[in-house]
Amino acid sequence: MGFVVQGISKPPLLGKGAVSSASGDETDAVVILEKIPFQEENITELLKKHTALHLQMSNDIYSTYRLLLPPELNEIKTTVVYPATEKHLQKYLCRAVYLIRETGEDYKNVTLPFIESQSFSIQWVYNILEKKAEADRIIYENPDPINGFVLIPDFKWNQKQLDDLYLIAICHRRGIKSLRDLTDEHLPLLRNISQEGGEAIQKRFGLMKTQLRVYFHYQPSYYHLHVHFTALSYDAPGCSVERAHLLSDVMYNLELDSQYYQKCPLAFAVRADEPLLKEFQEAGKA
Ligand code: M7G
């Protein structure tokens, strides 16, 4: 679950139960609160150490309870984007969604000019590639500037349990915005990510390639090519059919036709208040 806090004072107030607004110098923040999966080794402790157990209902062999846990077993993962831009606020606010079917022409005429005019900053990506941030978190690197990449835990994953394993492979080469830019020229890069990324995850975390979902997002939020690696058993946000494109399928399609992703229609969902929806509506395409 995520929520957006608008107009908070610097620095963001966290863990106090309330976010207050001070006069002057107000800046928006996005605060994402997530309950993290249980760790199997803590289950016994969790049942023994609970602070209260309230019966809610009982019927035959079935009963439900409210179990209250001590704070150390009740962690909330908190992600903060601060200061948040208007685009961050839009990304995290809940709105009605619509499906757009973008042809290759639509991409050139509508989407590309739009993303060139206003997409998220990818400074955090460059910071990772240049070892200015998260350098100690890198799991694997192939340093080749054309066909190399950095494999790093996604900031959605706390690395405490494998159930929600989530890593991203970020390519070193700049200028490849998304799936739409890929041609067979990029196959060596994609093969390296698939092969070496899978091996590195097996070595470090013990999950086999067949236990992973490896895919691109279309549209991505950040237009610098990256690949998502998630545990197959985890329904990661953004792994739905209208957003995720399996790396293995992408490689196969590029082997068949180098221009496949410049030509094929790609569907994606946009929220009601997203300017890209308006662009498609104005072009008579949505
Ligand atoms: P995306 O498909 O471009 O956008 O994926 P999405 O956020 O809408 O899925 C970018 C991925 O990078 C996401 O899975 C993010 O959780 C992850 N990510 C974003 N940021 C800003 C960071 C960061 O600073 N560090 C790390 N490690 N991951 C990030």
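Structure shown above.
Small disclaimer: the values here were computed from a predicted structure and weren't measured.

Enquirer: For the environment of N42, give the residues involved together with the corresponding values.
Expert: The residue N42 is located in the loop between β2 (26-35) and α1 (43-48) in this model. Sequence separation between N42 and L73 is 31 residues; the distance between their C-alpha atoms is 8.1 Å.

Enquirer: Mind laying out unusual backbone geometry, listing which residues take part and the relevant values?
Expert: A cis amide bond links Y82 to the next residue, P83, at an omega of 0 degrees. Tracing the chain through its elements places P83 in the loop between β5 (76-81) and α2 (86-92). With an omega of -10 degrees, the peptide bond between Y218 and Q219 qualifies as cis. Positive phi, normally seen in glycine, also occurs at E134, with a value near 60 degrees. Checked against the element boundaries, E134 lands in the loop between α4 (123-129) and β7 (140-142). Assessed through its relative accessible area of 27%, E134 is described here as partly exposed.

Enquirer: Give a description of the site of the ligand that names residues and reports values.
Expert: By nearness alone, 17 residues border the ligand, and K91, E134, D154, H217 and S221 come closest of all. One of the side-chain nitrogen or oxygen atoms of H226 is found 3.0 Å away from an oxygen atom of the ligand. A distance of 3.2 Å separates an oxygen atom of the ligand from a polar side-chain atom of H228. A total of 590 Å² of accessible area belongs to the ligand in isolation, and the protein chains cover 92% of it. Mapped onto the shell around the ligand, the elements with two or more residues apiece are β9 (166-171) and β11 (226-231). Split into classes, the residues belonging to the shell around the ligand amount to seven nonpolar, four polar and six charged.

Enquirer: Can you explain the packing of aromatic side chains? Please cite residues and give values.
Expert: Across all of its chains, the model carries seven aromatic pairs by this definition. Judged by centre distance (5.8 Å) and plane angle (75 degrees), the ring pair of Y218 and F268 falls under edge-to-face. You can see Y218 sitting in the loop between β10 (212-217) and β11 and its partner F268 sitting in strand β13 (residues 266-271), a full 50 residues away along the chain. The pair formed by Y218 and F268 is uniform in burial state, with each residue classed as buried. For the pair Y260 and Y261, a centre-to-centre distance of 4.8 Å together with 70 degrees between the ring planes defines the contact as edge-to-face. Overall, the relative accessible area of 29% leaves Y260 in the partly exposed class. For Y261, a relative accessible area of 3% corresponds to the buried category. Chaining the aromatic ring pairs together yields one cluster made of F120, W124 and Y222.

The rules we used
- The residue numbering used here restarts from 1 in each chain and proceeds along that chain's sequence as written.
- Residue-level local features of this predicted model are given only where pLDDT is at least 70; pairs of side-chain atoms are given and counted only at 80 or more, and the full residue set underlies all totals for whole chains, interfaces and linings.
- As a rule here, side-chain values cover all heavy atoms of the structure and leave hydrogens and water aside.
- Each helix is a run of DSSP H or I of at least 4 residues and each strand a run of E of at least 2, with the numbering of both proceeding from the N terminus.
- Relative accessibility thresholds used throughout: buried, under 20% of the residue-type maximum; exposed, over 50%; partly exposed, between the two (1.4 Å probe, protein chains only).
- One heavy atom within 4 Å of a molecule or strand makes the whole residue count as near it.
- N or O atoms within 3.5 Å of each other form a polar contact, as long as, within protein, one can give a hydrogen and the other can take it, and as long as residues adjacent in sequence are counted only when both atoms are side-chain atoms.
- For the area figures, the Shrake-Rupley method with a 1.4 Å probe applies, and any residue is considered shielded solely by the protein chains shown.
- Three classes are used: nonpolar for Ala, Val, Leu, Ile, Met, Phe, Trp, Tyr, Cys and Pro, charged for Asp, Glu, Lys and Arg, and polar for all others, with Gly counted as polar.
- Each pair of aromatic rings taken from Phe, Tyr and Trp, with Trp reduced to its six-membered ring, is defined by centres within 6.5 Å and is described as stacked if the planes are under 30 degrees apart, edge-to-face if over 60, and tilted in the remaining cases.

So, to be careful, I would describe these as geometric facts and stop short of saying anything about function.
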